[in-house]
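Structural overview for review
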Amino acid sequence: MVLAACAPVALVIAAASPALWIVAPVLGLVVLGLVFVDALLAGGTRDLRVVVPADVEVGAPAAMTARVAFRGRPSRVEMALECDPRLAAGGRLVFPLAPGEEGWSGSGGFTPARRGTGAVARAWLRWTGPLGLGARQLSGPLDEGVRVWPNIAAVRSPALQTFLKDAQYGLLARRIRGEGSQFESLAEYQPGMDRRRIDWKSSARHVHLYAKEYETERNNQIVFAFDCGQAMCEPIAGMPRLDRAVSAALATAYVGLKGGDRVALFGFAARPEVSTPFIAASAEFHRLQRAAAGLEYRSEGPNFTLALATLASRLQRRSLIVVFSDFTDPTSAELMIESIGRLISRHVVLFVTLADDELEDLSGAAPDDLEALSMAVSADGLLRQRALVVRRLRQIGVDVIEAPWHQMGTRLLDAYLAIKRSGAIG
């Protein structure tokens, strides 16, 4: 920019006095000299530290920080980090540094998009001199790694903790007593109670109406089965559907462990991949989180026949099987329905899928042109196929949850508690 500003001056001088043409190259050399001097005044670095978080959760904001001490007097400092694309879009994180009492420091925020270990391989530091003309650049390897875990923010949420606290002090037990199938005690009949629970023999013996109270069964087996195929790896609101499912499942699993049930995880794509033993204590919840972190993203279709047959062979007693999946074509949906239908006779099956907001938006868009009309017709056809699959699942006795991603966790928890209260698992 300085050289460009000097060009008109040199042109005026050359036009007014051609003999002074030497002034133009001299001005250029002066500017280049100032660039060199400014780079020298910027000085070198005395200390450079880059702090990379060791563990983060998918979809949760995090930051990498840098702190630099200089020998010179820089005017502007910028840091660039080469990292795994699952950590930052394009595999590059750039952020400025600001001066402070102990040097220059700054942080770059990022939101991991997928689980796994993301490498932070290299760092670049660029700083300009006090005049802003000269700049220096330093680069070097970092060899750091960030472990991206499943998101369990719902487990730490105040609402869920309050719910569990009430359960701990017996409020939940009082609320669900009388709604299960395991006999607890006899209680004096009160208006509003279900008359079918009146114990007529005991009432005749005591000459007073008594009703049976039931308690929800404990020690039920809950299996969360995850389809890790291509459809579940597609992003929704910035995160893969699989990770949305994992977060909802872990929150429900935590409540189940607190309620005395036993929980296991099962992951599959073309073949079964992850299968954990049943966890019975909430203190071992970290084992479920670690197993969920091992669910890989697969670019292949799921084999429901093999996966669910393998799962059924490992279950020795009646269990609640929560299947997280999605479907894109009628053929795979038909195989899925047949495989799930074989589980109904022995187990309780809950099918969970995410509502496709993109298809709904395309279907409801105004047909302003031929392309929009064609996309709307195609989207409407796919939505009709989804509705048909959901209806068929319900007809064979499967409870189905089809909800937006931000409601899936609460919908799943409500469905689990309703099934548990009904005593259908035991």
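Up top you'll find the structure we're talking about.
Overview of the structure. Quantities reported herein were computed from a predicted structural model and do not represent experimental measurements.

Conventions we followed
- Counting starts from 1 at the beginning of each chain's written sequence and moves along it residue by residue.
- Given that this is a predicted model, residues contribute local features only at a pLDDT of at least 70 and side-chain atom pairs are listed and counted only at 80 or more, while totals for whole chains, interfaces and linings are drawn from all residues.
- Values reported for side chains reflect all heavy atoms of the structure, with hydrogen atoms and water molecules removed beforehand.
- Think of it in three bands: with a 1.4 Å probe and only protein chains considered, a residue is buried below 20% of the maximum accessible area for its type, exposed above 50%, and partly exposed in between.
- Where helices and strands are cited, they refer to DSSP runs of H or I of at least four residues and of E of at least two residues respectively, numbered from the N terminus.
- For two strands to count as paired, DSSP must find a minimum of two bridges between them.
- Seen with the strands pointing away from the viewer, any crossover whose path from the first strand over the helix to the second strand runs clockwise is right-handed.
- Geometry is summarised by axes, namely lines fitted to C-alpha atoms with helices restricted to the contacting stretch, and by angles between N-to-C directions that run from 0 to 180 degrees.
- Angular relationships are summarised with four words: roughly parallel below 35 degrees, roughly antiparallel beyond 145, roughly perpendicular across 65 to 115, and oblique for the angles in between.
- In what follows, residue pairs with any heavy atoms lying within 4.5 Å of each other are defined as contacts.
- Only Asp, Glu, Lys and Arg are considered charged in this grouping, and only Ala, Val, Leu, Ile, Met, Phe, Trp, Tyr, Cys and Pro are considered nonpolar; every other residue, Gly among them, is considered polar.
- Only one rule defines a salt bridge in this text: a Lys or Arg side-chain nitrogen within 4 Å of an Asp or Glu carboxyl oxygen.

1. Details of the pairing of strand β16 (residues 320-324)
- Counting buried positions over the five residues of β16 gives five, a clear majority of the element.
- Every second residue of β16 is oriented toward a common face, with Leu320, Val322 and Phe324 on one face and Ile321 and Val323 on the other, all of them buried.
- Direction of pairing for strand β11 (residues 221-227) relative to β16: parallel, over a ladder of five bridges. Each residue of the ladder has a partner; that of Val223, found in β16, is Ile321.
- By the bridge criterion, five bridges tie β16 to strand β17 (residues 348-354) in an arrangement that is parallel. Paired with Leu320 across the two strands is Val348, which belongs to β17.
- Handedness of the crossover is the feature at issue here: the chain leaves β16, passes through helix α10 (residues 330-341), returns alongside β17, and the resulting connection is right-handed.

2. A short note on the packing of α10 against helix α12 (residues 370-395)
- Running from N to C, α10 and α12 cross one another at 10°; their axes reach a closest spacing of 11 Å. The orientation of α10 relative to α12 falls into the category roughly parallel. In this structure, α10 contributes Pro330, Ala333, Glu334, Met336, Ile337 and Ile340 to the contact, and α12 contributes Gln385, Val389, Arg392 and Leu393.
- Residue classes in the contact of α10 with α12 are distributed as seven nonpolar, one polar and two charged.

3. Examining the side chain of Arg241
- Tracing the backbone through its elements, the reader meets Arg241 in helix α7 (residues 241-258).
- Contacts of Arg241, omitting those with residues within four sequence positions, involve Ala231, Met232, Glu234, Ile236, Asp326, Leu354 and Asp356.

4. As for the pairing of strand β15 (residues 272-275)
- Across three bridges, strand β14 (residues 262-268) lies against β15 in antiparallel orientation. Along β15, the bridge assignment pairs Phe268 with Pro272.
- What sits between β14 and β15 in their antiparallel hairpin is a turn of three residues.

5. Let's talk about the pattern of salt bridges
- A full pass over the atoms with the stated rule returns 14 salt bridges.
- Note that Arg115 is salt-bridged to Asp243, the shortest N-O span being 2.4 Å. A residue pair is termed long-range when its members are at least 10 positions apart, and Arg115 in the loop between β6 (103-110) and β7 (116-128) and Asp243 in helix α7 qualify at 128 residues.
- Note on Arg115: relative accessible area 2%, which makes it buried.
- Relative accessible area serves as the criterion here: at 1%, Asp243 is assigned to the buried category.
- Across the pair Asp261 and Lys420 runs a salt bridge whose closest N-O atoms are separated by 2.9 Å. Pair noted here: Asp261 is in the loop between α7 and β14 and Lys420 is in helix α13 (residues 408-422), with a separation of 159 residues, a long-range link.
- Residue class for Asp261 comes out buried when judged on its relative accessible area of 0%.
- What makes Lys420 buried here is its relative accessible area of 8%.

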